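If you want the building blocks of each chain, they are given just below.
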Amino acid sequence: DIQMTQSPSTLSASVGDRVVITCRASQSIRSWLAWYQQKPGKAPKVLIYKASSLESGVPSRFSGSGSGTEFTLTISSLQPDDFATYYCQQYDDLWTFGQGTKVEIK
Amino acid sequence: VQLLESGGGLVQPGGSLRLSCAASGFTFSSYAMSWVRQAPGKGLEWVSAIVGGGGTTHYAASVKGRFTISRDNSKYTLYLQMDSLRAEDTALYSCARQSTWSSGWTDSWGQGTLVTVSS
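Structure report, in brief.

Across its full length, chain B holds zero helices and eleven strands. Order of helices (α) and strands (β) in chain B, N terminus to C terminus: β-β-β-β-β-β-β-β-β-β-β. Taking 14 Å as the expected radius of gyration for a compact globule of 119 residues, we find that chain B reaches 13 Å, a close match to that expectation. Over its C-alpha atoms, taken along the principal directions, chain B stretches across nearly 40 × 25 × 25 Å. Considering only intrachain contacts with a sequence separation of at least 6, the fraction spanning at least 24 residues in chain B is 54%.

Next up, the structure:
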């Protein structure tokens, strides 16, 4: 089974900050990685798929990069609506989620 | 795209439950479908998936041999039969659409149905 490890688990940041979340796979998943945002009591929402493709309607401050085993989600300038939990997901071999990164207000 | 789950509830350890997911707004048979769960205060866990035609199914190791996924494309409905339930199966179970007929990322989610396993 492919394991996904996100870091950090919690991140404290201020509005306007550049935020970077990392996701590492236990083996190569090529570019088959997606990023999701989840707010309390809500269903997750896809932000990025195929490692770097921005989902329609998602603000351009979100970007993804990486391939193989190392991936990053970058928020270029954190906005009040971005305080949430973020998950990566591999879909190269079945599906596995990372454990999540909670972005909190500093 | 709309996905509406039902069938959750309180069940004793060792018991069974059948979840349903009614889909609308897209051609159901063209997409793989999954069940994903989230224990209270915890992260997302993929549980099971089925390809668009229903001929291939996949399970997480934690539920293999106890859960059975199926679909009825004529009724636009996805199912999850859960047997031999354990306390650790307590979670919000959500129906999800994958982006392709056989795999892909998760592009749509339902709001979920809560399953509580407790005596």
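Assigned secondary structure in chain A consists of zero helices and eleven strands. Seen in sequence order, chain A has helices and strands lined up from the N terminus as β-β-β-β-β-β-β-β-β-β-β. Relative to the globule expectation of 13 Å for 106 residues, the C-alpha radius of gyration of chain A, 13 Å, shows essentially globular dimensions. Out of the 106 residues in chain A, the part that is buried amounts to 46%.

Moving on: the side chain of Gln37 of chain A. Residue and element names in this part refer to chain A. The topology assignment puts Gln37 in strand S4 (residues 33-38). Relative accessible area serves as the criterion here: at 7%, Gln37 is assigned to the buried category. Discounting chain neighbours no more than four positions away, the residues touching Gln37 are Ala43, Pro44, Lys45, Leu47, Phe62, Asp81, Asp82, Ala84, Thr85 and Tyr86.

By definition, a disulfide links the sulfur atoms of two cysteine residues through a covalent bond. Residues and elements named next belong to chain A. By the definition in use, this model includes two disulfides over all chains. In this model Cys23 forms its disulfide with Cys88; the gap between the sulfur atoms is 2.0 Å. Judged by the torsion about the S-S bond (65 degrees), the Cys23/Cys88 disulfide is right-handed. One end of the pair, Cys23, is in strand S3 (residues 19-25); the other, Cys88, is in strand S9 (residues 85-90), with 65 residues separating them in the sequence. Owing to a relative accessible area of 0%, Cys88 belongs among the buried residues under this scheme.

The next thing to look at is the sheet that holds strand S7 (residues 67-72) of chain B. Residues and elements named next belong to chain B. If you trace the four strands from one edge of the open sheet to the other, you get S1-S3-S8-S7, paired in antiparallel fashion. Every other strand in the sheet has two partners, leaving strand S1 (2-6) and S7 as the edge strands with one partner each. Each neighbouring strand pair of the sheet contributes to a mean axis angle of 15 degrees, computed without reference to strand direction.

As a further point, take the sheet that holds S3 of chain A. Residue and element names in this part refer to chain A. Taken in spatial order, the four strands of this open sheet run S1-S3-S8-S7, and their pairing is antiparallel. If you trace the sheet from one side to the other, it starts and ends with strand S1 (4-7) and strand S7 (62-67), each paired once. Across the sheet, the axes of successive neighbouring strands diverge by a mean angle of 15 degrees, strand direction being ignored.

Turning to the pattern of salt bridges, a few remarks are in order. Across all of its chains, the model carries nine salt bridges over all chains by this definition. A salt bridge links Lys39 of chain A to Asp81 of chain A, with the nearest nitrogen and oxygen atoms 2.3 Å apart. Of this pair, Lys39 of chain A sits in the loop between S4 and strand S5 (45-49) while Asp81 of chain A sits in the loop between strand S8 (70-75) and S9, placing them 42 residues apart in sequence. Its relative accessible area of 48% is what places Asp81 of chain A among the partly exposed residues. Measuring nitrogen to oxygen at the nearest pair gives 2.9 Å for the salt bridge that ties Arg97 of chain B to Asp107 of chain B.

Taken together, the contact pairs 19 residues of chain B with 16 residues of chain A. Both sides together, the interface formed by chain B and chain A hides about 1500 Å², and carbon and sulfur atoms give 65% of it. The tally of links between chain B and chain A comes to zero salt bridges. Our count for the chain B to chain A interface comes out at six residue pairs in polar contact (both at pLDDT 80 or more). Counting only elements with at least two residues in the side of chain B that touches chain A, the list comes to strand S4 (33-38), strand S5 (44-50) and strand S10 (106-109) of chain B.

Criteria and cut-off values
Residues numbered from 1 in each chain as written. Chains lettered and ligands numbered in written order. Predicted model: local features only at pLDDT ≥ 70, side-chain atom pairs only at ≥ 80, totals over all residues. Heavy atoms only, no water. Helix = DSSP H or I, 4+ residues; strand = E, 2+ residues; numbered from the N terminus. Rg over C-alpha atoms; globule rule 2.2 N^0.38 Å. Contact = heavy atoms within 4.5 Å. Buried < 20%, exposed > 50% of the residue type's maximum accessible area, 1.4 Å probe, protein only. Disulfide = S-S within 2.5 Å. Pairing = 2+ DSSP bridges. Axes fitted to C-alpha atoms, helices over the stretch in contact; angles between N-to-C directions. Salt bridge = Lys/Arg side-chain N within 4 Å of Asp/Glu carboxyl O. Buried area = accessible area lost by both parts, 1.4 Å probe. Polar contact = N/O pair within 3.5 Å; in protein donor to acceptor, adjacent residues only side chain to side chain.

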